[in-house]
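Listed below, chain by chain, are the residues.
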Amino acid sequence: MGLSKDAAKKGTGSVDLTVVVPAYNEEHRLRPTLDAIRAHLRADPDRWGTWELIVVDDGSTDGTAAIAAEAAVDEPRVRLVTGDGNHGKGHALRQGVLASRGRRVLVTDADLATPIDELDRLDQQLTADGGGAAIGSRAHPDARIEVRQLALREWLGRLGNRLIRLVAVNGISDTQCGFKLFDGEQARAAFAGSRLDGWGIDVEILRFFRRSGWPVTEVPVRWSHQPGSKVRPLDYGKVLLELVRLRAAGGAGGAGSRGVLRTDLAIAGLFLLASFFLYKGLWADLHHAYLADAGSDQNQWEWFFRVTAENVVHLRNPLFTTLQNFPDGVNLMANTVMLGISVPLTPVTLAFGPAVTWALVLTLGLAATAFCWHRLFARRLIVHSRWAAALGGALAAFAPPMISHGNAHPNFLVLFMIPVLVERALRLCDGERVVRNGVLLGLFATYQIFLGEEALLLAVMGMLLFALSYAAVRRDVARAALRPLLRGLGIATLVCLPLLAFPLYWQFFGPQSYHSVLHGDNAGNSPLAFLEYSGRALFGDEQTADALAMNRTEQNAFYGWPLIALSVGILVWLWRSAAVRALAWTAFLAALLSLGQRIRIPFTDVVLPGPWLMLADQPLFESVIESRVGMICAPALGAMLALAVDRLADRRGELGESGERGELGESGELGESGEPGVATGLGALEVAYRRQQRTIRTIGLLAVAAALLPIVPTTLPVRERPDVPPFIAEGMYRSYVSKGETVVPVPVPDPGNAEALHWQSASGPGFSVPGGYFNGPWGEDRRGIYGAPARYTSNLLRDVRNSGQVPEINAQWRAQARYDLAFWKAGVVVLAPQPNDAVLNETVEKLLGRPAKKVGGVWIWDLPPAR
């Protein structure tokens with residue numbers, strides 16, 4: 001085959017240039033074409049180096065194969081690949097490119113409508129681009145059409161090409177010119193994942209390159225219409241039909257709609273099983289199991305679900321309630337009530353209770369999020385293996401930060417709309433149906449507002465970081481995408497505004513609204529947190545993780561050093577991919593921002609200003625816990641992982657791995673063509689190359705396993721929650737509370753102790769309580785805080801519970817208690833069994849000047865009617 005020793009060592013890519021010529025019944029034109037190609041390449045051996053010329057006979061019924069075989073006898077660098085019938089240009093090109101070994105691959109039609117000397121222009125452009133594709137263009141202003149087609153054919157061709165650009169590859173004027181030069185490795189990856197057998201192969205391959213972030217540049221060429229051309233104007237319509245079939249089959253990587261559906265169902269089922277495994281302790285006893293690391297959040301969320309259901313059924317304002325923090329109430333729109341989930345699940349909440357809704361939201365929401373990331377990666381990254389996309393989706397959804405929030409914050413776990421929003425934004429960048437996709441983007445963003453605003457803000461930050469990173473790598477693509485993207489965003493904004501005007505007005509200016517929630521200037525991640533494992537990871541240590549995070553629901557990094565190292569390795573390996581570089585920058589910048597306003601260098605006393613300082617005091621950002629920005633890294637790393645595993649697992653890009661006749665068979669030689677003089681392959685060299693590739697694949701997949709295994713999440717632990725006292729559960733309180741009066745639990749509910757919210761959600765919110773666990777205003781400037789503004793009596797009872805000591809109660813304390821109880825319109829004071837309940841009992845007796853009585857499992861103090 002004319003390979004040098006160096007080429008033999010390198011295997012694929014050992015030839016400088018491969019020319020692939022698909023041929024079907026070309027006995028009259030093939031020989032002059034082969035002679036012209038060989039003459040051109042031989043004329044400048046220093047420039048073209050080692051080369052090979054592959055003729056793919058697509059089931060010709062004439063002497064095409066014999067002519068190619070004769071040429072192979074005269075020139076050993078000519079190879080013939082034969083098929084088992086006529087399948088179309090796409091099938092032939094796939095055979096030829098996958099059999100190629102060139103660092104660069106030229107595909108050209110057998111009629112040489114574009115002369116072979118135009119290769120010089122394409123080669124110069126490909127060198128300037130550093131890879132990708134340089135494609136001949138007849139539509140370029142500098143192109144020369146020396147012999148034109150009939151006017152009707154030309155007009156139909158232009159119309160067809162416009163339709164193709166609209167459907168698939170916007171921005172490329174001529175997709176069908178049969179003269180294209182590719183980076184060899186990228187071409188083999190693209191053709192390995194291709195599915196079309198007809199003329200649509202050109203569009204499919206160019207779309208693959210565009211989505212992979214590889215440059216595609218149109219180069220003006222000379223072109224002459226050749227008599228006997230196999231291309232007909234109506235073939236453009238066939239191309240469109242092929243693209244429709246491709247999309248119906250799930251895009252690149254689909255093996256038919258049924259196969260894709262079965263695979264997706266299997267993946268969805270596995271995600272659901274994994275999610276159920278994490279929450280199996282919760283499902284084992286829905287009414288008594290409480291997530292151990294949830295703090296008071298599970299009580300809060302179940303209360304949100306129950307109160308929303310009650311508001312919906314009784315047609316009350318779903319944006320406000322006085323069931324806690326009486327009499328001031330709670331601005332529900334300014335809290336994370338997730339109306340987009342809690343309203344649709346109202347029937348479940350009323351029929352089975354909010355504990356069931358809580359478990360469903362966590363379990364189904366996590367599985368749905370993973371599946372949606374998988375779908376995004378499969379569609380937009382051109383990941384050919386849906387299982388590789390699923391692995392990336394699993395990392396995006398089940399990453400340590402997500403599982404940490406899975407203890408208590410479903411608004412950061414149920415993120416299935418985020419990949420949907422990303423997909424719609426990418427369609428706008430493609431210029432695809434801008435009005436329709438802009439409207440849908442607006443509707444989807446509106447829905448996400450009712451799922452979680454902070455999660456949407458972080459998603460927008462992540463998309464902006466990626467857009468800036470990608471624009472820095474591919475300015476040409478960014479320029480082409482900017483106009484349709486801005487137009488689509490404008491349309492989305494016009495859709496959102498009328499739908500969100502009243503809810504957002506209520507949130508920011510309505511009753512109990514506030515303007516920010518401060519978390520201090522030390523809420524960022526430690527750099528070490530990215531290298532360690534979380535407390536709920538398979539290899540994690542709770543003490544190590546606890547020392548590096550605010551609490552167990554805010555472990556917002558903890559990806560582990562093996563995954564970080566693997567990501568760096570992927571970046572180096574796939575450096576030529578613009579998408580990989582942009583994803584890596586996105587993850588790095590998000591991690592840097594998550595370090596907060598001040599970055600302490602580990603193991604030193606050096607403290608540096610962090611980039612978050614620029615955002616800390618800005619509207620919206622001032623309420624964000626900056627360590628949460630580290631969550632953006634999860635989908636970015638998941639996408640990189642999907643691309644890498646897909647490349648490792650895809651055997652089709654290797655010589656002889658496609659299973660097609662004419663490629664490497666079990667013997668290690670090229671399939672027999674039945675014609676004399678046909679090249680028989682590299683034999684032992686190719687077998688050695690295949691073994692080398694298998695070894696590389698095995699090592700790579702083992703590295704992936706070693707990086708992911710330590711961070712596999714374990715089952716989230718649960719504890720037994722206290723029962724609702726019969727005094728509440730059986731409605732005994734009703735005889736002690738008149739209309740407009742409240743039940744006052746001891747101590748008064750606050751973010752650290754919100755069991756009274758469980759009383760309301762489990763038995764029905766038939767009474768109001770003072771205090772509570774929510775976000776509301778404090779002070780004249782309405783600064784956001786957790787819980788109700790402090791009152792003397794609530795602070796006193798909290799301190800007694802925490803200290804176990806009865807303070808000295810004087811007349812001033814008793815007067816203050818009467819004042820606070822009157823403010824709360826208290827009907828009855830209730831003390832349930834709890835730690836330090838004896839000292840609490842004694843304290844309340846001293847405050848009220850009389851003993852309690854035991855009713856329904858609690859101590860109560862019946863108060864006179866409020867005046």
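Let me begin by describing the structure that accompanies this report. Keep in mind the model is a prediction, meaning the values are calculated, not measured. (Residues numbered from 1 in each chain as written. Predicted model: local features only at pLDDT ≥ 70, side-chain atom pairs only at ≥ 80, totals over all residues. Heavy atoms only, no water.)

Some details on the packing of helix α8 (residues 184-192) against helix α9 (residues 201-211)
As a packed pair, α8 and α9 sit with axes 9 Å apart at the nearest point and diverge in direction by 120°. Classified by the angle between their axes, α8 and α9 sit oblique to one another. Judged by the sense of rotation from one axis to the other, the crossing of α8 with α9 is right-handed. Residue-level inspection shows Gln186, Ala187, Ala189, Ala190 and Phe191 of α8 in contact with α9, the latter providing Ile201, Ile205, Phe208 and Phe209. (Axes fitted to C-alpha atoms, helices over the stretch in contact; angles between N-to-C directions. Helix = DSSP H or I, 4+ residues; strand = E, 2+ residues; numbered from the N terminus. Parallel < 35°, antiparallel > 145°, perpendicular 65-115°, else oblique. Left-handed = near helix turned anticlockwise from the far one by under 90°. Contact = heavy atoms within 4.5 Å.)

Points about the sheet that holds strand β5 (residues 133-137)
Read from one edge to the other, the open sheet built from seven strands follows the order β3-β2-β1-β4-β7-β5-β8, with strand pairing classed as mixed. In this open sheet, the two strands that pair with only one neighbour each are β3 (78-82) and β8 (216-220). Across this sheet, the average inter-strand angle for adjacent strands is 20°, counted without regard to direction. Two strands pair when backbone bridges link them, and strand β1 (residues 15-23) and strand β2 (residues 51-57) are joined in this way by seven bridges, in the parallel orientation. Across the sheet, residue proline 22 finds its bridge partner in β2, namely valine 56. Contacts from helix α5 (residues 89-98) reach β1, β2, β3 and β4 (102-108) within the one sheet, and its direction differs from that of β1 by about 160°. (Pairing = 2+ DSSP bridges.)

Considerations on unusual backbone geometry
Cis geometry marks the peptide bond from phenylalanine 326 to proline 327; its omega dihedral reads 5°. Along the chain, the position of proline 327 falls in the loop between β11 (320-321) and β12 (330-331). A cis amide bond, omega -5°, links valine 746 with the succeeding residue proline 747. Of note, proline 747 is situated in the loop between β16 (742-745) and α29 (755-763). One non-glycine residue with positive phi stands out, namely asparagine 25, at about 55°. Within the fold, asparagine 25 resides in the loop between β1 and α2 (30-43). Judged by relative accessible area, which is 24%, asparagine 25 ranks as partly exposed. (Buried < 20%, exposed > 50% of the residue type's maximum accessible area, 1.4 Å probe, protein only.)

Some words on the packing of aromatic side chains
Scanning the model with the defined rule gives 20 aromatic pairs in all. Put simply, the rings of Phe182, Phe191, Phe208, Phe209 and Trp214 pair up and form one aromatic cluster. Across the ring face of tryptophan 575, the terminal group of arginine 581 is positioned such that the distance to the ring centre comes to 5.3 Å. The ring of tryptophan 573 has arginine 647 lying over it, and the distance from NZ or CZ to the ring centre is 6.0 Å. (Phe/Tyr/Trp six-rings, centres within 6.5 Å; stacked < 30°, edge-to-face > 60°. Lys NZ or Arg CZ within 6 Å of the ring centre and 35° of its normal.)

Structural notes on the environment of tryptophan 387
Following the sequence through the fold, tryptophan 387 ends up in helix α17 (residues 386-398). Distance from tryptophan 387 to threonine 263, taken between C-alpha atoms, is 8.3 Å for residues 124 residues apart in sequence.

Some words on the nonpolar core
Counting 129 residues, the largest nonpolar core has Tyr279 and Leu563 as the members making the most contacts within it. Sequence-distant contacts of tyrosine 279, defined by excluding residues within four places in its chain, comprise Leu291, Leu362, Thr363, Leu366, Gly406, Leu413 and Leu716. Membership of the second largest hydrophobic core comes to 32 residues, among which are Ile37, Ala65, Ala68 and Leu119. (Core = buried A, V, L, I, M, F, W, Y, C linked by side-chain atoms within 4.5 Å.)

A word on the packing of helix α20 (residues 434-449) against helix α22 (residues 475-509)
Following both chains from N to C, one finds α20 and α22 inclined at 45°, their axes separated by 7 Å at the closest point. When the axes of α20 and α22 are compared, the pair comes out oblique. The two elements α20 and α22 cross, and the hand of that crossing is right-handed. In this structure, α20 uses Val434, Val435, Gly438, Val439, Leu441, Gly442, Leu443, Ala445, Thr446 and Ile449 to contact α22, whose residues at the interface are Pro484, Arg487, Gly488, Leu489, Ile491, Ala492, Val495, Cys496, Leu499 and Leu500. Counted by class, the contact of α20 with α22 contains 15 nonpolar, four polar and one charged residues. (Nonpolar A, V, L, I, M, F, W, Y, C, P; charged D, E, K, R; others polar.)

Describing the pattern of salt bridges
Counted under the stated rule, the structure contains 38 salt bridges. Arginine 536 is paired through a salt bridge with aspartate 293; the nearest N and O atoms lie 2.8 Å apart. On the criterion of sequence distance, the pair formed by arginine 536 in the loop between α22 and α23 (542-546) and aspartate 293 in the loop between β10 (289-291) and α13 (297-313) is long-range, its members being 243 residues apart. Taken individually, arginine 536 and aspartate 293 each receive the classification buried, so the pair is uniform in this respect. Across the salt bridge formed by aspartate 799 and arginine 798, the nearest N and O atoms sit 3.5 Å from each other. Taking relative accessible area as the criterion, aspartate 799 reaches 40% and is therefore assigned partly exposed. One salt-bridge network, held together by shared partners, links Asp293, Arg536, Glu542, Asp546 and Arg552. (Salt bridge = Lys/Arg side-chain N within 4 Å of Asp/Glu carboxyl O.)

Structural notes on the sheet that holds β16
Whether parallel or antiparallel, the strands of a sheet pair through hydrogen bonds between backbone atoms. With respect to topology, four strands assemble into an open sheet ordered β16-β19-β21-β20, the strand pairing being mixed. Both edges of this open sheet fall to β16 and β20 (853-855), since each of them pairs with a single strand only. Between one strand axis and the next, the sheet turns through 40° on average, direction left out of account. Strand direction decides the pairing type here: strand β19 (residues 826-831) and strand β21 (residues 858-862), joined by four bridges, are antiparallel. Paired with valine 828 across the bridge in β21 is aspartate 862. Helix α32 (residues 837-848) contacts β19 and β21 of the sheet and is inclined by roughly 10° relative to β21.

A short note on the environment of leucine 456
Looking at the secondary structure, you find leucine 456 in helix α21 (residues 453-473). For the pair leucine 456 and alanine 445, spaced 11 residues apart in the sequence, the C-alpha separation amounts to 8.0 Å. Discounting chain neighbours no more than four positions away, the residues touching leucine 456 are Ile418, Leu421, Ala445, Gln448 and Ile449.

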